[in-house]
Every structure is written in structure tokens, then in C-alpha cells.
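# An overview of the molecular structure
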Amino acid sequence: MDKEDELPKNFIQQQIVEDLAEGKNGGRVHTRFPPEPNGYLHIGHAKSICLNFGTAKKFGGLTNLRFDDTNPTKEDTEYVDSIMEDVRWLGFDWDDRLFYASDYFDKLYDFAVALIKRGKAYVDFQSQEVISDQKGVPTRPGTDSPYRNTTPEENLEIFAKMKAGFYNEGDCVLRAKVDMASPNMHMRDPLMYRILKQPHHRTGDKWCIYPMYDYAHGQCDYWEGITHSICTLEFEVHRPLYDWFVEELKDSDYRPRQIEFSRLNISYTVMSKRRLLQLVKENYVKGWDDPRMPTICGLRRRGYTPESMRAFSDMVGITKVDGVTDVAVLEYCIREDLNKRAQRVMGVLDPLKVVITNYPEGQVEEIDAVNNPEDESMGKRKVPFSRELYIEREDFMETPTNKFYRLSPGREVRLRYSYFIKCSEVIKNEQGEITELHCTYDPDTKGGNSPDGRKVKATLHWVAVAQAVKAEVRLYDRLFTDPDPAGHKDKDLLEFLNPDSLQVLSECYVEPFVKNAKPLDNFQFERLGYFNIDPDSTADKMVFNRTVSLKDGYKK
RNA sequence: UGACCCGUGGUGUAAUUGGCAACACAACUGAUUUUGGUUCAGUAGAGUCCAAGUUCGAACCUUGGCGGGUCAACCA
């Protein structure tokens, strides 16, 4: 174990410590991350990735990446590629240990043949409905299939014909002969193979029979030497079957062990692939990488860093309790990371023009600004200042309330890094809307301090009109209005869709410093929040995403 | 009317495995601050789902309740 962190952090690591103490599996620790390539990874997968890779690393072990591709009807290389990209982006590496369940199709077939020979598997020609009926219900035992006692010789012949494509989809399945009276439904002669006359993204047309998850997973673990097969809680009742197949397969003392933990839920969003797919397919969002999505690619585009996601994963912990983590924890993690690292810049989202009436026309000053007060090594930059500026519209209030201490008529505030200004006149249009502010500046306050020790209560961000970069800024809010949108049995989650989850601001102005930035670069827009450059950005039109706002201590 | 799993502040976890219920997020107060950010100091909030038992001592062990989840896909 790592020296700096010797104690096991969660119940899984405690169990590993026990396994090691008992001398199991020659002291090896080997985990795997086994996604099905049927969708994009989400932050729940990130938790699992961190757990699997992190745990193995802690014990000096290894982690495999294995695609669980046993169902060609739902899988695609598009997903394979995105999954590999996401795992790498999170900062993990499987080296040369990239596997596919489909790598084992031949071995799985051979093993099935062996089980048939042992009288432990049989082909069933009954319909899906009949098989389902015979399984019974949890409270009553099932009844045997009439095919249960077909001889191994006959089964061998039929199974070979299944493989050869002699039968059609749905004609028959291969089942394991386990226990039709088991209180665990998964043990009532589970299906091992079904016929699917579908090409597979890796094996093409070679197979028309495909193994079921339960028949494939434990064996793949076994063949890869996995010691701890970590999965989510819903597989708990599969564990006896996992063990049953492994017991039939084993040729030594080595045993992979399945351990379950609770899947991640985050408030105000959904985490199941099915529901995320629905949001994409029905255009409630703009794609898997929509910044509102809890997918890894969505969060990446939103501006989340790998570090913040690993920190989050660490912070939520590993248990078997199924609960909902407050999205505020995620937001805390990205704020904490970006506070230390993000380049500061000034940007105005809702511009209100300010004319400094006593500032010389045509003059431009280059003002020194600190790049990151948390990190002196990031240095300084120049920000242009001139007579016409934009400030944030909400930083002015014509008749200020008690707690408002920004700009108002007659009141003096500081423009960050530059001068004190005082509002002398409010210009309005015929509708009575404020269009412009006239202010005066105090030349003696250059840099932001008054030689006479005069104090101001507020410091505002600003940009110079002539030099500002016009940009589109996309503000995101939670996708759903309910903390647990999928948790209502009587209501569809679409009822809770937040109609205002995306707000596009097309006339924002940012200081020129951002012009050289690349897509996904993170910034803090001072006093507003963290923003990054969306890949939609072009040379002509910059587009920013608000990753998360700054914490706001201002109570209206 | 089954099997398996889970119940600790609002939320997520912890409690050196039977010994003072701790940490983080969120909330609130104050200080600092050229970001109403950050930082710092502090406050409040659970007596561990309930009951009984074992024990000098129980969040932890036992039994019984109660509540929640999962399982009856030719999905994973």
C-alpha cells in the first residue's frame, strides 16, 4: 500500500486486506473495469473507474479494461472509442491489458460444451413465455423444463447446430442446469446462450449465438486472473450464479470474488444509461457531450477537470447504502480545483456601458492585472483601460437597497486594478431603461488605491469597449427541477425537466487576453464563476461555457 | 407471501472493529480581502430506525419488528 495512505479507506479495501491476510490468490490484487460499449460513460462510471484503478494501485496490483460486448444488438465501436478516451482523460491507464468479452467467445463455447458433457447444461426449445412461466415466482419454486433431461449426446448435437445457424432467433436457448427451486431466481436454470443473427462489431458474422452476461462475466474474470470483481449492487443476487460457473470452471485454488457497492446518484440529475439515452434521442439535450449531461464527456465539455472528478469520487466514498449525493459536492470539487489553477480574466455577461467623462478620449492605458492571486507563479498580464467601458448591469442599482454596496448614483466604487469611479449621471431611453452611465474617475487612484486612504465597499469587474472580445456565453442550470427526478414511481422524469437549464447570452464581452486560448481552457471570470472555451468556438466567434458560478455571499 | 442487501446530523461518509459519535459538503456568525471569491476563526445540527437481549460498556454482537432497495430481460 502507499505509505501516505496505509489504512484501507472503504469496506472493499478492508475485504482485500482480509483476503491478503488469508493468503488468497498468491497475494495478487487484480481488478477490471468492464463497461458494455452501448453508451457513453457517466460520472457513476468515473467513480467505478477510480475505485478499480485506485484500489489496484493501492495494493500494487493491476487493472484491466474489458469491454463487456456480449450483446451485438446494442453495441458499437463508437462507444468503445469514447470509453477509452474517457478512461484515459480521467488519468488511468490499462497498459496492454485491453480485453473484450468477445475475445473469449471460443473459450466460452468450449466451456459450454464441457458443461453439456457433464450434464450441467441443456438446450431448451420452449418459447420465452413458457420458460418464464416455468421459472415461477420468487415465493414459489419453478417447474422443470421437459428438455431438462435431454441426454448430453443429443444436447451436444443440437448445440452444434445452434452454433452453425441451423435454428432461428428465438427457437432455442442453452440453459445451465442449476436449481429450479432456488429462492434466487437467477439460479433457476439461467440462460447461457441465445441466438442472435446479428453481426458483432468485432467478430462480424462468425457467431449467431451469444453468451449472456451471467455466463460470460465470471469466466472472463477467471481467465484474466481478476481477484476482485467490483460491481454495483444490482448484481448482488447474481453472485451465487457467478460463483457457480467459476466453481465449474476452476482448475486451481484461485478464485475471483465479486464485491458490490452502491451506484452513484447525484441530486437533480439522472444516471442510468437508458434515461440518458432518452434525453439524447428525444433531443432534450444536444448530445451525449451536452454540458448539462452527467456524462464524462459532458462534464469535460462543461469545464470539469480530471482532478476534480477524481477528488469527487474520493469524497463520496464507497458503501452499500443507496443514497443521493448533493450536486453541491461536485460543484465544490471543481471550484476548489479551479480556484487554485484557473487563469483570472474579466468578462461582462450583461453589459452596461460606462463613459468616464473626465478621461481623455482616445487614450488607452495598459493596466497590470494578477493572473491568479492563489498562485504568484502565474504572473501578471496587461488589461486595456479607456474612456468607454462595460460593467455588469447588476453591479448598478439606481436606488440601492441596504445590502447593495456596488455602484449607484453618487457612490464611489473601484474598478478592479484600475481606478475609483463615481457615478454622476444615469442615461435612459424613452422606455425608461438605463442605457448608459456617466462616471468620473479619480486619476490619483490608479492601480486601485487612493493615496488619501479613502475606502470603497465594492470592486467591480469591467472591460474596455473598443478592445473587448465579443463572445457567446452559455449558462447552465440543473437539468431537472426535482432533487430525485427518477425517484417518483407515479411520475415521469420528463415532468421535472428544467425549461431554463440552458441560457445563451450572445452579447458578452471579455478582455482580449482570452483570444489565444484553446478549446476547453478554463478561466475564472472574476466575481462571476469559472468558464471554459466550448469546442464550438471559432476565430470569429468565441463561445464560453459557465462551468460553475462562484459562491455568492451576497444575500439580496 | 420468498431470497439477498441497506438504515449514523439536511446530504455523503467515518468511528483504530465492543470504549468520549468524527470529517467533508451544505447552512449560519465574525475577521481578512482590490473578486460579496479565497483564506482564517467560530456556531448550530445526529445520540446512531424501533424494541428487547448479551456486556462493566453497544452505532458495532444476538433476536424480533419497522422502513427502504434489488431479483421473476433470449439486457448488462
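Figured I'd write up the structure that's included with this text. In this text, all values refer to a predicted model and were calculated from it rather than measured experimentally. (Residues numbered from 1 in each chain as written. Chains lettered and ligands numbered in written order. Predicted model: local features only at pLDDT ≥ 70, side-chain atom pairs only at ≥ 80, totals over all residues. Heavy atoms only, no water.)

## So, the protein's contact with RNA strand B
The immediate surroundings of RNA strand B are formed by 67 residues, with Y405, R406, R414, G447 and R527 found nearest. Each atom of RNA strand B within 4 Å of the protein was assigned to sugar, phosphate or base; sugar and phosphate come to 64%. Measuring from a phosphate oxygen of RNA strand B, one finds a backbone N or O atom of Y213 at 3.0 Å. In the environment of RNA strand B, a base nitrogen lies 3.5 Å from a nitrogen or oxygen atom belonging to the side chain of E526. (Near = heavy atom within 4 Å. Polar contact = N/O pair within 3.5 Å; in protein donor to acceptor, adjacent residues only side chain to side chain.)

## Looking at the packing of aromatic side chains
What the rule picks out here adds up to 30 aromatic pairs. Summarising the aromatic geometry, the rings of F111 and Y215 are spaced 5.9 Å apart at their centres and angled 10 degrees between planes, so their arrangement reads as stacked. One end of the pair, F111, is in helix α4 (residues 105–117); the other, Y215, is in helix α7 (residues 213–224), with 104 residues separating them in the sequence. For F111, a relative accessible area of 5% corresponds to the buried category. (Phe/Tyr/Trp six-rings, centres within 6.5 Å; stacked < 30°, edge-to-face > 60°. Helix = DSSP H or I, 4+ residues; strand = E, 2+ residues; numbered from the N terminus. Buried < 20%, exposed > 50% of the residue type's maximum accessible area, 1.4 Å probe, protein only.)

## A look at the environment of G225
Note that G225 resides in the loop between α7 and β8 (228–232). For G225, a relative accessible area of 11% corresponds to the buried category. Sequence-wise, G225 and V29 are 196 residues apart; in three dimensions their C-alpha atoms are separated by 9.2 Å. Excluding its chain neighbours within four sequence positions, the residues that come into contact with G225 are R28, H30 and Y254. (Contact = heavy atoms within 4.5 Å.)

## Description of the pairing of strand β17 (residues 420–428)
In terms of strand pairing, strand β16 (residues 412–415) meets β17 through three bridges, oriented antiparallel. Across the sheet, the residue bridging to V413 is I421, located in β17. In this antiparallel pair of consecutive strands, β17 and strand β18 (residues 434–441), the connection spans five residues, and G432 shows a positive phi of 85 degrees. (Pairing = 2+ DSSP bridges.)

## Quick look at the sheet that holds strand β3 (residues 98–100)
Spatially, β1-β2-β3 is the arrangement adopted by the three strands of the open sheet, whose pairing is parallel. Each edge of the sheet is formed by a strand with only one pairing partner; in this case those strands are β1 (30–33) and β3. Adjacent strand axes in the sheet meet at a mean angle of 35 degrees when their direction is disregarded. In terms of strand pairing, strand β2 (residues 62–67) meets β3 through three bridges, oriented parallel. In the sheet register, L65 faces β3, and the bridge partner there is L98. Here helix α2 (residues 43–58) sits on the sheet and contacts β1 and β2; the angle it forms with β1, its principal contact strand, is near 160 degrees. Taken strand by strand, α7 contacts β1, β2 and β3, and its axis lies near 140 degrees from that of β2. (Axes fitted to C-alpha atoms, helices over the stretch in contact; angles between N-to-C directions.)

## Some remarks on the pattern of salt bridges
A complete count under the given rule lists 47 salt bridges for this structure. A salt bridge links D337 to R341, with the shortest nitrogen-to-oxygen separation between them at 2.9 Å. A residue pair is termed a helical-turn pair when its members lie 3 or 4 positions apart in one helix, as D337 and R341 do in helix α12 (residues 327–341) at four residues. The exposure class of D337 is buried, given its relative accessible area of 9%. Residue classification places R341 among the partly exposed residues on the basis of a relative accessible area of 39%. What you see here is one network of salt bridges that share partners, running through D289, R301, E472, R474, D534, D536 and K541. (Salt bridge = Lys/Arg side-chain N within 4 Å of Asp/Glu carboxyl O.)

## Some points on the packing of helix α11 (residues 306–316) against α12
Helix-helix packing is described using two parameters, namely the angle between the two axes and the distance between the axes. Across the interface, α11 lies against α12 with an axial gap of 9 Å and an inter-helix angle of 140 degrees. Regarding the angle of α11 to α12, the classification is oblique. Both α11 and α12 take part in a crossing whose hand is right-handed. Where α11 approaches α12, its residues E307, S308, A311, F312 and M315 are matched on the opposing element by V329, L330, Y332, C333, I334, D337 and R341. Among the residues forming the contact of α11 with α12, the class breakdown is eight nonpolar, one polar and three charged. (Parallel < 35°, antiparallel > 145°, perpendicular 65-115°, else oblique. Left-handed = near helix turned anticlockwise from the far one by under 90°. Nonpolar A, V, L, I, M, F, W, Y, C, P; charged D, E, K, R; others polar.)

## Thoughts on the nonpolar core
Among the nonpolar cores identified, the biggest contains 41 residues, and F159, M192 and Y193 are the most heavily contacted of them. Of all the secondary-structure elements, those providing two or more residues to this core are α4, β4 (121–124), α6 (152–164), β5 (173–176), β6 (191–195), β7 (209–211), α7 and α8 (239–249). Ranked by the residues each element gives to this core, the list is headed by α4, at eight residues. Other than its neighbours up to four places away in sequence, M192 contacts A112, L115, A121, L174, R175, A176, Y210, P211, M212, Y215 and F245. Membership of the second largest hydrophobic core comes to 34 residues, among which are I49, C50, F53 and M309. (Core = buried A, V, L, I, M, F, W, Y, C linked by side-chain atoms within 4.5 Å.)

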